[in-house]
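What follows is the residue order along each chain.
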Amino acid sequence: MAELYAWQAALWAQLSGRREHAHAYLLQGPSGIGKRALAERLGSLLLCHSPKDGQARSACGECKGCRLLAAGSHPDSFLLQPEEADKAILVDQVRRLVDFVAQTAQLGGRKVVLVEPVEALNLNAANALLKSLEEPSGDTVMLLVSHQPSRLLPTIRSRCVQQACPLPSPSQANEWLADRLPDVSAQARQQLLALAAGSPLAAFQLQEQSVLDQRALVVEGIKRLLKQQQSPTQLAESWNGVPLIWLLDWFCDWSQRILRYQLTQDPEGLGLSDMHKVLQYLAQKAPTGKVVAIQDWLLQHRQKVLTKANLNRVLLLETLLVSWLGLTGQA
């Protein structure tokens, strides 16, 4: 059974205590806070034949339904997700879901559909899903998990019970991460949580992807760029191993912090210490209008990356780095 995180306890008590369930739930919130696990746990409860009662109900783990679900062969459970990582969910996949929803439950109980992430549906797939959301067949419950609900069609959101999922407190996030990464220093854990916007599961995944090493590579490259020890083209090519969305997120964050520092002169708002001196230097050198222009450009291209636009990575990074260098008047 999926883990129940400490920060989800109150919401789980609310959801598990319901005797009647909506036909569709939209579980939404930032990535890395355990929404998928919550959806899986709720799906297990809905398919269980003999739920355990108590302070919060849960699946028994022993009935035929629970055993089939654990084996990944429950005939009344359907998982819809991208067939390849970071790809879209296609209309043919949704058509298979629609066929599943139209069938009678083989074990005589509910059918449960889990879709994650919902924003991965392309437009045709999203429109194909609407029919099942409007008129689910039989006792079907659809659990939709979204990390970016603003990207969903309003017609999808309006057909679901929208449930905001709780974020952990800083102490809960740090405690969970310390338990999973006992060999990582407290300082490194704090850096991981900062990069993950406080989401502990995302921080754990970032550690698995060696984000701190990648970040150090990028920060050192920026310093070499500003000292004119490396060209934008050379630097863009040297970052081939760094996910593009990380780079755009970091530059978005840095440009925002430059603007904040220009307004407040408060070093507390400069973020992680690895870029303090660089951001202070750029805040002193750069015209505010140029920083705002870069911020707008970054936000536009970040959205294109999120929507899987076909971009020339090296050209995009070269353009960014030339503009970044231009903040000092060197470009």
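Refer to the preceding data block for the structure.
Analysis parameters
- Residues numbered from 1 in each chain as written.
- Predicted model: local features only at pLDDT ≥ 70, side-chain atom pairs only at ≥ 80, totals over all residues.
- Heavy atoms only, no water.
- Helix = DSSP H or I, 4+ residues; strand = E, 2+ residues; numbered from the N terminus.
- Buried < 20%, exposed > 50% of the residue type's maximum accessible area, 1.4 Å probe, protein only.
- Areas by Shrake-Rupley, 256 points an atom, 1.4 Å probe, with all protein chains shown as cover.
- Lys, Arg positive; Asp, Glu negative; His and termini not counted.
- Charge placed at Lys NZ, Arg CZ, Asp CG, Glu CD.
- Core = buried A, V, L, I, M, F, W, Y, C linked by side-chain atoms within 4.5 Å.
- Contact = heavy atoms within 4.5 Å.
- Salt bridge = Lys/Arg side-chain N within 4 Å of Asp/Glu carboxyl O.
- Pairing = 2+ DSSP bridges.
- Axes fitted to C-alpha atoms, helices over the stretch in contact; angles between N-to-C directions.

S.K.: Explanation requested: the overall build of the protein in the structure shown.
M.R.: Assigned secondary structure in the protein consists of 15 helices and five strands. The principal-axis extent of the C-alpha atoms belonging to the protein is close to 70 × 40 × 35 Å. In the protein, which comprises 331 residues, the proportion classed as buried is 45%. Accessible surface, the protein as shown: approximately 16300 Å² in total, 48% of it carbon and sulfur. If you average the places of the 33 positive and of the 30 negative side-chain charges in the protein, the two averages end up 3 Å apart.

S.K.: How should I be thinking about the environment of Gly198 in this particular structure?
M.R.: Mapped onto the elements, Gly198 comes out in the loop between helix 8 (186-195) and helix 9 (200-208). Between the C-alpha atoms of Gly198 and Pro182, which are 16 residues apart in sequence, the distance is 18 Å.

S.K.: Help me understand the nonpolar core, please; the structure alone is not making it clear to me.
M.R.: It is characteristic of soluble globular proteins that their nonpolar side chains tend to be buried jointly. Counting residues in hydrophobic clusters, the biggest one holds 73 residues, and the most contacted among them are Ile222, Trp239, Phe251, Trp254 and Trp324. When residues in this core are grouped by element, the largest group, 11 residues, is from helix 12 (residues 244-264). Setting aside residues up to four positions removed in sequence, Trp254 forms contacts with Arg215, Val218, Val219, Ile222, Met275, Leu279 and Trp324.

S.K.: Is there a simple way to explain the pattern of salt bridges in this structure?
M.R.: When charged atoms on two side chains of opposite charge get close, those side chains can pair. Tallied over the full model, the rule gives 12 salt bridges. The partner of Arg36 in a salt bridge is Glu40, and the shortest N-O contact between them spans 2.9 Å. With Arg36 and Glu40 both in helix 2 (residues 35-47) and four residues apart, this pair spans about one turn of that helix. Residue Arg36 is classed as partly exposed on the basis of its relative accessible area of 24%.

S.K.: Whenever I open this one, the sheet that holds strand 3 (residues 111-115) confuses me. Can you help?
M.R.: Note on sheets: strands pair through backbone hydrogen bonds, and any given pair is parallel or antiparallel. In spatial order, the strands read 2-3-4-1-5; together these five strands make up an open sheet with parallel pairing. In this open sheet, the two edge strands, each paired with only one partner strand, are strand 2 (77-80) and strand 5 (161-164). Ignoring strand direction, the axes of neighbouring strands in this sheet form an average angle of 15°. Here helix 2 sits on the sheet and contacts strand 1 (24-28), strand 2, strand 3 and strand 4 (140-146); the angle it forms with strand 4, its principal contact strand, is near 170°. Sitting on the sheet, helix 5 (residues 123-134) is in contact with strand 1 and strand 4, with an inclination near 135° to strand 4.

Keep in mind these values describe shape, not function.
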